[in-house]
Amino acid sequence: MCAIFFPQNEIIDLRDKLRSATAAIAELESACSKVDLAKRLGCTLADLVDRQINCPPEKMGRVIGKQGSALKQIEERTGVLVNIDKVGSTIHLCGSSEALDAAQREVESITLAVDESFVVSSATISYLLGSRRLGILDKFKQKHPGVHIDFGKDKTTIGIRGRPANVSAAKVDILGLSITSMTRAISPREARLVVGKGGSTVNALVTKHGVVINTSDEGEEKSPKLEIIGPKDSINAALVDMEDIFIMNEEVVETMLVHSLHRTKLVSNAGEGIKAIQAEINKELGSDGSQSNVFLGFERQKSKKRSTAGPSNLEVRAVRSNISKAKELVQKYIDEFQADLLTIPVS
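Residues numbered from 1 in each chain as written. Predicted model: local features only at pLDDT ≥ 70, side-chain atom pairs only at ≥ 80, totals over all residues. Heavy atoms only, no water.

## Notes on the packing of helix α9 (residues 200–209) against helix α10 (residues 232–248)
Here is the rule we go by: Here, axes are lines fitted to C-alpha atoms. For helices the fit covers the stretch in contact, and angles between N-to-C directions go from 0 to 180 degrees. Helix and strand labels come from DSSP, where a helix needs a run of H or I of at least four residues and a strand needs a run of E of at least two; each type is numbered from the N terminus. Handedness of a crossing is defined here by the sense of rotation of the near helix relative to the far one, left-handed for an anticlockwise turn of less than a right angle and right-handed for a clockwise turn. Pairs of residues are marked as contacts when any of their non-hydrogen atoms sit within 4.5 Å. Amino acid classes used here: Ala, Val, Leu, Ile, Met, Phe, Trp, Tyr, Cys and Pro are nonpolar; Asp, Glu, Lys and Arg are charged; the rest, including Gly, are polar.
With their axes 10 Å apart at the nearest point, α9 and α10 run at an angle of 145 degrees to one another. Crossing handedness for the pair α9 and α10: right-handed. Contact with α9, carried on its side by Thr201, Leu205, Lys208 and His209, involves Ser234, Ala237, Ala238, Asp241, Met242 and Ile245 of α10 and no other residues of that element. When its residues are assigned to classes, the contact of α9 with α10 shows 5 nonpolar, 3 polar and 2 charged.

Spelled out as C-alpha cells, the structure:
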C-alpha cells in the first residue's frame, strides 16, 4: 500500500480551477436558459431583465409550494425564470418587463399577503359551499381574484388570505351576506315532489330563487327533513313555490254525470271501455314526459237497487294540476260515443 501526496499549492490550484469551471458551466447554462426564455417570450436577449424581490423567510415556503409546485405555476403562467435564494430570502426573476410585472404581482400576492380568520354562521358556510349550480363561491373568487379562502373544520370559521385591501373587501362581502336556514318536516311524497324526476324540480327551484335545498332522512322513523338555506326573502319565495307544487300535485276526486247507456258501454266486458279511455287519457297527459296517474270509476251506489235509467256518477281521480284536462278528455270520449248512438223517436 502506498500513499500519493500532492503539494498543498497544487491542491489549492486544482480547487480554484474546479470553481472556475463550475462557475463557467453555470454561466453557460444560464445563458442557454435565457436564450430559451427569449424564444418563449418572443423577445430578444436584450429585452430580458433581471429583478429581485425580497421575501419574508416565513413565507418562502408558500412561494415555493409543495415540491416546488407554486414556483412552477408562477413560471408557467408568466413565462419568467424564477430562482430562489433561501439564505438571503430573495426571489430572482428574469424575463421581459411585461412578464416580470405579472410574475411580481403573483409573488407579492403571497409575500405581502395577510391572513385573517373570522366566525360566521354555519348557514353562511353551507350557502357558500352547498350548491355548485349557483356558483356562489366561484362568483366570489371571480370578484376577489387575489384572495384565497379556506373553511374551518368547525364549520363556523372562514380564513382568507391576500393583500390587506383585498382581504378587507372580501371580508366585508362575506359578512354582508344575510343568510339563514329553515328546516321543516315533510312527507315522503312531498320529498319526492320537491326533488322531481332526476332532480329537475329541485334544480329549477335552486336556480330560480338562489337558495340551497337539501332533503334528508333523520331519526328512527326516517322522516324526511327539508332544509332551505339562503337570504330570508328567497327562502320564503321558494316555500311559496313548493306549496304550489304540493297543492297542484294533491290527489283530488271530481264526478261527472254519465248517461246509463254510456255507463253500460264503459263497464261492459269487465270494464274494457273505461280502461281503454283511462289508458288514452294517461298517455295524452304524459306525452310531455311527466307522470300521469288518472283513474276512472263509477261511484258505488248506496242502495242495493240501482236505477238503470238514471245517470250515474263517474269519478275522475287525478292530481289537481291534471283534473280539469282529464275531465275534458273524458267528456270528449263520451261525446264521441254519443255521436255514434242512434236515436229513434217514439210517438
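Structure's up, so let's keep going.
## Description of the sheet that holds strand β6 (residues 157–162)
The condition that has to hold: By definition, two strands form a pair when at least two bridges between them are found by DSSP.
Ordered in space as β4-β6-β5, the 3 strands form an open sheet in which the pairing is antiparallel. Two strands close off the open sheet at either side, each with one partner strand: β4 (114–119) and β5 (148–151). Looking at each pair of strands side by side, their axes are set apart by 20 degrees on average, direction ignored.

## Observations concerning the layout of surface pockets
Defined as follows: The method works on a 1 Å grid over the protein atoms by themselves. A cavity is a set of points holding a 1.4 Å probe that cannot get out, a pocket is an open set with protein on both sides within 12 Å along at least five of seven lines, and residues with an atom within 4 Å of a point line them. Grid points are joined across faces, edges and corners, and a volume is the space filled by probe spheres set on the points.
Considered as a void within the structure, the second largest pocket measures approximately 420 Å³ in volume. What lines the second largest pocket is a set of 16 residues, among which Arg77, Glu106, Ser109, Ile110 and Arg161 lie closest to the centre. In terms of residue count, the dominant contributor to the lining of the second largest pocket is helix α3 (residues 69–78) (4 residues). Looking at the lining of the second largest pocket, its residues break down into 6 nonpolar, 5 polar and 5 charged.

## A word on the confidence of the model for the chain
Put simply, the test is: On a range of 0 to 100, pLDDT expresses the predictor's confidence in each residue.
When the pLDDT values of the chain are averaged, the result is 84; 86% of them are 70 or greater. Here helix α1 (residues 8–41) stands out as the least confident element of the chain, with mean pLDDT 70; α10 is the most confident, with 95.

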